[in-house]
Amino acid sequence: MSEITSQWGEVLMNTYGTPPVELVSGRGAVVTDSEGNDYIDLLAGIAVNALGHAHPAIVDAVTAQLSSLGHVSNIFASAPVVRLAARLKEIVGDDSARVFFCNSGAEANEAAFKIARLTGRRRVFAARHGFHGRTMGSLALTGQPDKRAAFEPLTPGVEYYPYGDSDYLRTLVGMDPSSVAAIFLEPIQGETGVVPAPEGFLAAVRELCDEHGILMVVDEVQTGVGRTGDFFAHQHEGVSPDVITMAKGLGGGLPIGAAIARGRAASLLTPGSHGTTFGGNPVVCAAANAVLDTVDEGFVAEVARKGEAFAGLLRDVPGVRQVRGRGLMLGVVLDEPLAKEAVGEGLRRGLILNAPSESVVRLTPPLVITHDEIAEAALRFAETLAACSSRDVSGTQTKENN
């Protein structure tokens, strides 16, 4: 344990436990700890570092912006903010679209929640097992009782539906459609274990919302910015949400969130109804512009190819039951509940992994990971699972491996 990790619990609240290693540097998809050990980063700060570590485009953009103008608040305009909003509007492809910048995915979903309330309707539907953040409003949208229970009562008016069940949702809406303000969903549920929506589900929700004047809110916080092989995961079904929330990969490692609304939803927030001190910071927006300079159509297509290659290699690993997800957002479903053990064993073998559940390993590497690094990561992952499966539940080696 390094000096920094040993001090962690003495100075920080115990919300994460003590980290196992101290990371000190990184380049691309490889990070280095304080002992000089290298790791292939298959988490990217939980799908944040889209361009990996120390990407020159981000370094140059942030350095140049910080050298000229830092924080100014939203009392004043600055070029990086307007340029970024214009580019997101162009990606959405709707001239009515408007952008609200904030600092995180939770805040983006808070903004979307307030937009829903401003319709004058009070009921909001969110998916069971979904995750939209940990602030009090976004937590109310999060369909995971274990995360909500200690903080109840939460914001009222949220009801939960089975993810992917459009018939259930239609019945729920049909009971009183004029009271429903919005339907929230993730195109792929990340924190649940990388669970994609069934084919056709997003289109069915779009149709239902159109029938009854309901806002369709798609949470692209984890799936956006090319992560799934499309710039937005909802583009896979060709739908157009009323509100898109995003964060994570947009800033390339710097904190940013955005809520993009179109049509009538774009005009519901008015002066005094919402705000943020740091949202739309010029330095962070300069980093996001550098990300968008890089994540073009060809880049995103290559992400799709890398994802297919990685998934193919992982499916051949003994102990893997299924690989789900798209692009470089993959959930590796294991035959045995060894995911959390695999995270620790992976570190020993130079892999950074994540386990959202006992039987699922989530892989969200930097989008710049190379094909060679993918091949090496798959090999190490196979060795990791082999080492885990060779142990009994007490953590000791079986006789065959002693």
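No experiment lies behind these values; they were computed from the predicted model shown.

(A) Fine view of the nonpolar core. Leu 250, Phe 310 and Phe 381 are the most contacted members of the largest nonpolar core, which has 60 residues in total. By residue number, the principal contributor to this core is helix α10 (residues 282-294), which donates eight residues.

(B) Quick peek at the layout of surface pockets. The space that makes up the largest pocket amounts to roughly 1,800 Å³. Considering the residues around the largest pocket, the lining is formed by 49 residues, among which Tyr 16, Leu 43, Gly 45, Ile 46 and Asn 354 are closest to the centre. When grouped by side-chain class, the residues that make up the lining of the largest pocket number 23 nonpolar, 18 polar and eight charged. Approximately 480 Å³ is the volume attributed to the second largest pocket. In terms of lining residues, the second largest pocket is bounded by 24 residues, among which Arg 98, Val 99, Phe 100, Phe 101 and Leu 269 are the most central. Looking at the lining of the second largest pocket, the elements that each hand over two or more residues are α4 (79-92), β4 (98-102) and β12 (257-261).

(C) Local environment of empty space enclosed by the protein. One pass over the full model with this rule turns up two cavities of 30 Å³ or more. For the largest cavity, the calculated volume is near 70 Å³. In terms of lining, the largest cavity is formed by Pro 187, Ala 197, Pro 198, Glu 199, Leu 202, Ala 233, His 234, His 236, Glu 237 and Arg 326. Size it by volume and the second largest cavity reaches roughly 40 Å³. In terms of lining, the second largest cavity is formed by Ala 47, Ala 50, Gln 222, Gly 224, Val 225, Arg 227, Gly 249 and Leu 367.

Scoring rules and cut-offs
Residues numbered from 1 in each chain as written. Predicted model: local features only at pLDDT ≥ 70, side-chain atom pairs only at ≥ 80, totals over all residues. Heavy atoms only, no water. Core = buried A, V, L, I, M, F, W, Y, C linked by side-chain atoms within 4.5 Å. Buried < 20%, exposed > 50% of the residue type's maximum accessible area, 1.4 Å probe, protein only. Helix = DSSP H or I, 4+ residues; strand = E, 2+ residues; numbered from the N terminus. 1 Å grid on protein atoms, 1.4 Å probe; cavity = no way out; pocket = protein on both sides within 12 Å on 5 of 7 lines; lining within 4 Å. Points joined across faces, edges and corners; volume = space filled by probe spheres on them. Nonpolar A, V, L, I, M, F, W, Y, C, P; charged D, E, K, R; others polar.

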